[in-house]
Amino acid sequence: YNNELFLPETLQAMKSKTKIIFFLGDNPLYSSAGNDYNLAILKEAHLIVCPDSYWKMQLLHMGFNNVIFGLLGYNSETNFKYIPTSEERKKYSSDLIFTGTNYPTAAGYKRTLFLSKYADMDIKIYAHGRHWDKWIKHFPELSDKIIYCHKRINGGLLNTLLNCSKIYPVDANPGLLNGLHIRIFDCIESGILPIVEYRKDIDTVFKDINIPKIRHYGEANKIAKIYLDDSLKREKTINALREYIHLHYTPQEGIGNILNRL
């Protein structure tokens, strides 16, 4: 996954004994993951898997021919539908939910701006990390929506939060130029409807089915209210999306596609 702090020489030695596959969670040209060899080590790979079609195009232009677009899907052991207890519903229920860290850069302003579009709604923002305060002061309407978390939310609690809520607004990670945030799959498998900031690869990954898309922040609030006000539409949409990813984006399918290319 990404660079794992490997050096090219190490991979050259390993190649005589095993296949080398990279799954890129970050763009090797733009990542600040702390390895100057992010790109050089890819030369030693038998296969490079990109979850972003733009990253794939960049690598192809540089002569890396062993590149595919690929997603690993979801994990049904950590994300699944269940009936929360009355205590869980009392503590965690909300119409909208968002969880995650924020950024000290302009990406942090972008994320907070995105969430501010839901400030008049019943949204709970489970905020981890030290950068939220920097941007919340620019959007004071979100102040009473923030729930500060002093440690990371584990998979079990995240699944509970998702099952206790109705909609998850998924912003596009700035590092993904065409790609999809993996949270989309977490939400679908947990049975909560994601409404997704639009990126080009959505048209490929969900080409045969409708997923709520936000093409302009000005329409974000309206889209959420459409699905909140029509519970039948919301349930039909999420159930159809679950069936779709079970057909096309299981982990077995993702790994199978990788192995078939070796």
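In case you missed it, the structure is sitting above this.
For the structure given in this document, a descriptive report is provided here. (Residues numbered from 1 in each chain as written. Predicted model: local features only at pLDDT ≥ 70, side-chain atom pairs only at ≥ 80, totals over all residues. Heavy atoms only, no water.)

**A short note on the sheet that holds strand β1 (residues 21-23)**
- Spatial strand order, β1-β2-β3: 3 strands in an open sheet with parallel pairing. If you trace the sheet from one side to the other, it starts and ends with β1 and β3 (67-69), each paired once. In this sheet, neighbouring strand axes are inclined to one another by 20 degrees on average, regardless of whether the strands run parallel or antiparallel.
- When strand β2 (residues 47-50) meets β3, the two strands line up parallel, connected through 3 bridges. Each bridged residue has a counterpart across the sheet, and for Cys-50 the counterpart in β3 is Phe-69.
- Across the sheet, helix α2 (residues 53-61) touches β2 and β3, and the angle it forms with β3 is around 165 degrees. (Pairing = 2+ DSSP bridges. Helix = DSSP H or I, 4+ residues; strand = E, 2+ residues; numbered from the N terminus. Axes fitted to C-alpha atoms, helices over the stretch in contact; angles between N-to-C directions. Contact = heavy atoms within 4.5 Å.)

**Some points on the environment of Gln-58**
- On the secondary structure map, Gln-58 appears in helix α2.
- Residues Gln-58 and Asn-27 lie 31 residues apart in sequence; the distance between their C-alpha atoms is 9.7 Å.

**Looking at the environment of Pro-169**
- Structurally, Pro-169 can be placed in strand β7 (residues 165-170).
- The exposure class assigned to Pro-169 is buried, which follows from its relative accessible area of 0%.
- A C-alpha to C-alpha distance of 7.9 Å links Pro-169 and Leu-115, two positions 54 residues apart in sequence.
- Not counting chain neighbours up to four residues away, the residues in contact with Pro-169 comprise Leu-96, Ile-97, Phe-98, Phe-114, Leu-115, Tyr-118, Ile-123 and Ile-195. (Buried < 20%, exposed > 50% of the residue type's maximum accessible area, 1.4 Å probe, protein only.)

**Some remarks on the pairing of β2**
- Residues of β2 alternate between two faces, with Leu-47 and Val-49 on one and Ile-48 and Cys-50 on the opposite face, all of them buried.
- As judged from the 3 bridges shared by β1 and β2, these two strands associate in the parallel manner. Along β2, the bridge assignment pairs Ile-21 with Leu-47.
- As a crossover connection, the stretch from β2 through α2 into β3 is right-handed. (Right-handed = clockwise from strand over helix to strand, strands pointing away.)

**Some remarks on empty space enclosed by the protein**
- All told, the structure shown has 2 cavities of 30 Å³ or more when counted by the stated rule.
- Within this model, the largest cavity holds a volume of roughly 70 Å³.
- Along the wall of the largest cavity there are 12 residues; nearest its centre are Asn-2, Asn-3, Asp-26, Pro-28 and Asn-38.
- Considered as a void within the structure, the second largest cavity measures approximately 40 Å³ in volume.
- The class makeup of the residues in the lining of the second largest cavity is 6 nonpolar, 2 polar and 3 charged. (1 Å grid on protein atoms, 1.4 Å probe; cavity = no way out; pocket = protein on both sides within 12 Å on 5 of 7 lines; lining within 4 Å. Points joined across faces, edges and corners; volume = space filled by probe spheres on them. Nonpolar A, V, L, I, M, F, W, Y, C, P; charged D, E, K, R; others polar.)

**Section: the nonpolar core**
- Membership of the largest hydrophobic core comes to 55 residues, with the highest contact counts inside it found for Tyr-118 and Phe-206.
- Ranked by residue count, the leading element in this core is helix α9 (residues 220-229), at 5 residues.
- Beyond its immediate chain neighbours, meaning those up to four positions away, Phe-206 contacts Leu-180, Ile-184, Phe-185, Ile-188, Ile-211, Leu-241, Tyr-244 and Ile-245. (Core = buried A, V, L, I, M, F, W, Y, C linked by side-chain atoms within 4.5 Å.)

**Structural notes on the side chain of Asp-186**
- With respect to the helices, strands and loops of the structure, Asp-186 is situated in helix α7 (residues 183-190).
- At 3.1 Å, the side chain of Asp-186 and the side chain of Arg-183 are in polar contact.
- When residues no more than four places from it in sequence are discounted, the contact partners of Asp-186 are Asn-79 and Leu-162. (Polar contact = N/O pair within 3.5 Å; in protein donor to acceptor, adjacent residues only side chain to side chain.)

**Notes on the layout of surface pockets**
- Approximately 1300 Å³ is the volume found for the largest pocket.
- If you go around the largest pocket, you meet 45 residues; those closest to its centre are Tyr-1, Tyr-103, Asn-173, His-181 and Ile-182.
- For the lining of the largest pocket, the secondary-structure elements that each account for two or more residues are β4 (94-100), α4 (106-116), β5 (123-128), β7 and α7.
- Residues of the lining of the largest pocket, tallied by class, amount to 23 nonpolar, 16 polar and 6 charged.

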